[in-house]
Amino acid sequence: MITRVDTYLHSVPLSGAVAEQVGPFTLFRSTTVWPYYARPVPGSGVTIKPDDVELVRERCAELEIPLSFEWVVDTCPSLGPAAAAAGLTVVEHPLLVLERDDFRPVVADARVEILSADEDVVRQCRAVANLAFSEPGTEVGTAGPAERDVAAAETSDDMVATLRDRALRGVAVSAGAFTDDGMVASGTHQPVDSTTEIVGVGTLPSARRRGLGAAVTSKLVEHAFSNGVDLVLLSAESDAVAAVYERVGFHRIGSAGAAE
């Protein structure tokens, strides 16, 4: 299972990047509006050393792109210590998976639906996610519909064009939860063959503690399972956030690492 997850995570950046081998890593060079990262090659079994991290640092400097790494801790446990020794900040997050038989649909007091690629919808979806991740955690916060509308209007045209293109190509499928205040939660899944990852699930801070994130996740899972996927994965910000996904049937299989 964890090998399959690692393989998926190595292929999903290719919808917006080109791959270059740098030592024991694949460096994903972005072809879109956001940066990607380097990952250890799945199944290589290599022990990563600080000098390997420095090779990527040098190449990123040549390319004038940010230096960052993502990996599955359980398949490459040496990368975290090597990255820390090279001066990077290292974090680990719960890595969870869901198979069809374990799925427990969640319903909230909101309308939840798969989103179109309409420009206004894309702007709202992005704004909700940005505000949600600007105030991390699960506590009720202050940012709400007014701040969402401002953030939506300020979303760059390049970002909107990229997100619309990904939606139209089917490499990203988004869902949103709606109340009388409009879109208050959103999230996305990124299918590659029969596996997908759920990313960017967030709720407007003012609308938290109502089960909206779980309901959006549930809608994304339903869509994935109805369209050829049989394994869904995600990495959670924390154990508290992981508990939200466990309501839907996810269970932890390891840890996802990130360093920058």
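As the structure is a prediction and not an experimental result, all values here were calculated from the model.

Draft legend 1. Just the overall build of the chain, in detail. On a plain count of helices and strands, the chain comes out with 8 helices and 11 strands. Projecting the C-alpha coordinates of the chain onto the three principal axes gives extents of approximately 55 × 40 × 35 Å. Buried residues in the chain amount to 48% of all 260 residues. A fraction of 73% describes how many contacts in the chain between residues 6 or more apart in sequence connect residues 24 or more apart. Positive and negative side-chain charges of the chain, numbering 21 and 37 respectively, have mean locations separated by a distance of 3 Å.

Draft legend 2. Seen up close, the state of the cysteines. Using the criterion set out here, one finds 0 disulfides in the structure. With no disulfide of its own, Cys76 has Cys60 as its nearest cysteine by sulfur position, at a separation of 16 Å.

Draft legend 3. Focus on the side chain of Arg123. Examined against the element boundaries, Arg123 turns out to sit in helix α4 (residues 119-134). By relative accessible area, which is 11% here, Arg123 ends up buried. Every residue in contact with Arg123, bar those within four places of it in the chain, is listed here: Ala152, Ala153, Thr155, Asp157 and Val160.

Draft legend 4. Structural detail: the pattern of salt bridges. According to the stated counting rule, one finds 14 salt bridges in the structure shown. Notably, a salt bridge pairs Arg39 with Asp6, separated by 2.7 Å at the nearest N-O pair. One end of the pair, Arg39, is in strand β3 (residues 38-40); the other, Asp6, is in helix α1 (residues 2-11), with 33 residues separating them in the sequence. Notably, a salt bridge pairs Arg169 with Asp165, separated by 2.9 Å at the nearest N-O pair. With a gap of 4 residues between them, Arg169 and Asp165 both fall in helix α6 (residues 157-169), about one helical turn apart. Note on Asp165: relative accessible area 36%, which makes it partly exposed. Through salt bridges with shared partners, one network takes in Glu20, Arg29, Arg59 and Glu62.

What counts and what doesn't
- Residues numbered from 1 in each chain as written.
- Predicted model: local features only at pLDDT ≥ 70, side-chain atom pairs only at ≥ 80, totals over all residues.
- Heavy atoms only, no water.
- Helix = DSSP H or I, 4+ residues; strand = E, 2+ residues; numbered from the N terminus.
- Buried < 20%, exposed > 50% of the residue type's maximum accessible area, 1.4 Å probe, protein only.
- Contact = heavy atoms within 4.5 Å.
- Lys, Arg positive; Asp, Glu negative; His and termini not counted.
- Charge placed at Lys NZ, Arg CZ, Asp CG, Glu CD.
- Disulfide = S-S within 2.5 Å.
- Salt bridge = Lys/Arg side-chain N within 4 Å of Asp/Glu carboxyl O.

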